[in-house]
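Chain and residue survey
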Number of protein chains: 2
Amino acid sequence: MLDDVRVVAFDIFGTAVDWYSGITEQVGAVFADRGVELDPAAFAESWRGRYLPAMARVDRGEREWAYLDALHRESLDDLLAEHGVAGAMGEDDRARLVRAWHRLPAWPDSADLVARLRARYTVVVLSNGGFRLLTDLVKAAGLTFDAITSAELARSYKPSPAAYLTTARLLDVAPHQLLLVAAHRWDVDGARAAGLRTAFLERPGEKGPHREADRAADVTCDIAATSAAELATRLGC
Amino acid sequence: MLDDVRVVAFDIFGTAVDWYSGITEQVGAVFADRGVELDPAAFAESWRGRYLPAMARVDRGEREWAYLDALHRESLDDLLAEHGVAGAMGEDDRARLVRAWHRLPAWPDSADLVARLRARYTVVVLSNGGFRLLTDLVKAAGLTFDAITSAELARSYKPSPAAYLTTARLLDVAPHQLLLVAAHRWDVDGARAAGLRTAFLERPGEKGPHREADRAADVTCDIAATSAAELATRLGC
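In this report, the structure presented in the accompanying data block is examined. (Residues numbered from 1 in each chain as written. Chains lettered and ligands numbered in written order. Predicted model: local features only at pLDDT ≥ 70, side-chain atom pairs only at ≥ 80, totals over all residues. Heavy atoms only, no water.)

1. Focus: the interface of chain A and chain B
Contacts between the two partners involve 20 residues from chain A and, on the opposite side, 20 residues from chain B. In this assembly, chain A packs against chain B so that about 1,800 Å² is buried in total across both faces, 55% of it on carbon and sulfur atoms. Contact with chain B buries area across many residues of chain A, yet Phe131(A), Arg132(A) and Lys139(A) alone supply 31% of it, more than any other trio. Applying the counting criterion to the chain A and chain B interface returns three salt bridges. Among the salt bridges present, the one from Asp146(A) reaches Lys139(B), with a minimum N-O distance of 2.8 Å. Linking chain A with chain B are 12 residue pairs in polar contact (both at pLDDT 80 or more). No other element matches helix 7 (residues 131-140) of chain A, which puts four residues into the side of chain A that touches chain B. Grouping the constituent residues of the side of chain A that touches chain B by class yields nine nonpolar, four polar and seven charged. (Contact = heavy atoms within 4.5 Å. Buried area = accessible area lost by both parts, 1.4 Å probe. Salt bridge = Lys/Arg side-chain N within 4 Å of Asp/Glu carboxyl O. Polar contact = N/O pair within 3.5 Å; in protein donor to acceptor, adjacent residues only side chain to side chain. Helix = DSSP H or I, 4+ residues; strand = E, 2+ residues; numbered from the N terminus. Nonpolar A, V, L, I, M, F, W, Y, C, P; charged D, E, K, R; others polar.)

This is the structure:
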């Protein structure tokens, strides 16, 4: 069944890069500069926690299309106010924090995994990050893909079908010829509903040490892999 | 003035890859298979000659948006009929020839030039080829860019301003922060009219041995380079 797959669409936040460590570190640096005594890791978790609800409001049509940078900025402003530190954080600090999402470390095995997959498949980015954000992020993380696609090109966020089907259209393949690789059950569920093939890649540290990442055993997908090496092997790479 | 440049948009056909040799060779192979006794080089030139007029009809609104593959197919069908060889060429042959534009050799210095530019700038593809075509072409030619943008994303072909400005919008830069690198005067003129910075790269063999390529001395641009090495140096790379 997977013999039809021609293109692999690779998710980014949590799947290819470690947002938790990267955001925690950069939030910590800005908080230290401003004398803000909040726990940066807890703040990073809260910030990421606003990600899906903010995108869902766009996809339900409750607000106009907005870039992920804009959604990150709004949720940042809200969180700073809720923690009573809005006064300590100026415009430059906030812009710097929004830009933190443009520069995150790859998981140690990501570059090798993508290179192995590229030897057999066309491998593209498919993320809810904006086109510019993803271009910056992938370059800084030392990852090389064949192309970048973004929810921005569909003006619709994953898990809505349009986000997945826009990538299929741009790569000129049928949905079942496109395989999503992601570490989140909601993303795999969305791709499957759009007619894609799906591979779940377990990333146990993806949500940091305090929250449980999604687990392969709980996900309905074509390939459930607990390591990058297993995923590559199962895809014949 | 060029200090503002953040992103380089790199043209492909003739600028990064040698369409003339690649199409001549692949047309020659198909003609040989079918016993067609036309000169493949002259046919390649005629085929390419229909490229700008076909796109201009789209941009003038005389027809709906059509992918470059579709335009290539129409002009191929016309040319085969005009040469009296339509009967010799079946559906598979024609599809194979349209796909020839997805696989063309890079100029010998292209990979090194792109790598040098990428060390300082974000370097993206900007071509009238479709997104899939460009993804295939760049990969097969061994070139690595930071991202691929295409006239397809604007649904408007260069030299119309929308094609250039869509790339600026996706990379989140002002037009004057985006520099086009191209080997064609019409492309440089279009980019300049859209507010971009421009670099002309002379590719003397770009149109084959029988026709004169555009020359640096005849082009109005910010940088006129007669070699890849000169272009890289002038851009501080």
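2. Quick notes on unusual backbone geometry
Residues and elements named next belong to chain A. Note that the residue after Lys158, namely Pro159, is joined by a cis bond; omega there is 10°. With phi around 50°, Arg155 is a residue other than glycine that occupies positive phi space. Its location among the elements puts Arg155 in the loop between helix 8 (151-154) and helix 9 (161-170).

3. Some thoughts on the pattern of salt bridges
Under the counting rule described, the total for this entry stands at 43 salt bridges over all chains. Salt-bridge contacts for Asp77(A) lead to Arg94(A); the nearest nitrogen and oxygen are separated by 2.8 Å. With a gap of 17 residues between them, Asp77(A) in helix 4 (residues 68-82) and Arg94(A) in helix 5 (residues 91-100) connect regions that are remote in the sequence. With a closest N to O distance of 2.9 Å, Asp136(B) and Arg132(B) form a salt bridge. You can see Asp136(B) and its partner Arg132(B) sitting in helix 7 (residues 131-140), four residues apart, about one turn around the helix. Taken as a pair, Asp136(B) and Arg132(B) share a single burial class, namely buried. Through salt bridges that share partners, Arg73(A), Asp77(A), Glu91(A) and Arg94(A) make up one connected network. (Buried < 20%, exposed > 50% of the residue type's maximum accessible area, 1.4 Å probe, protein only.)

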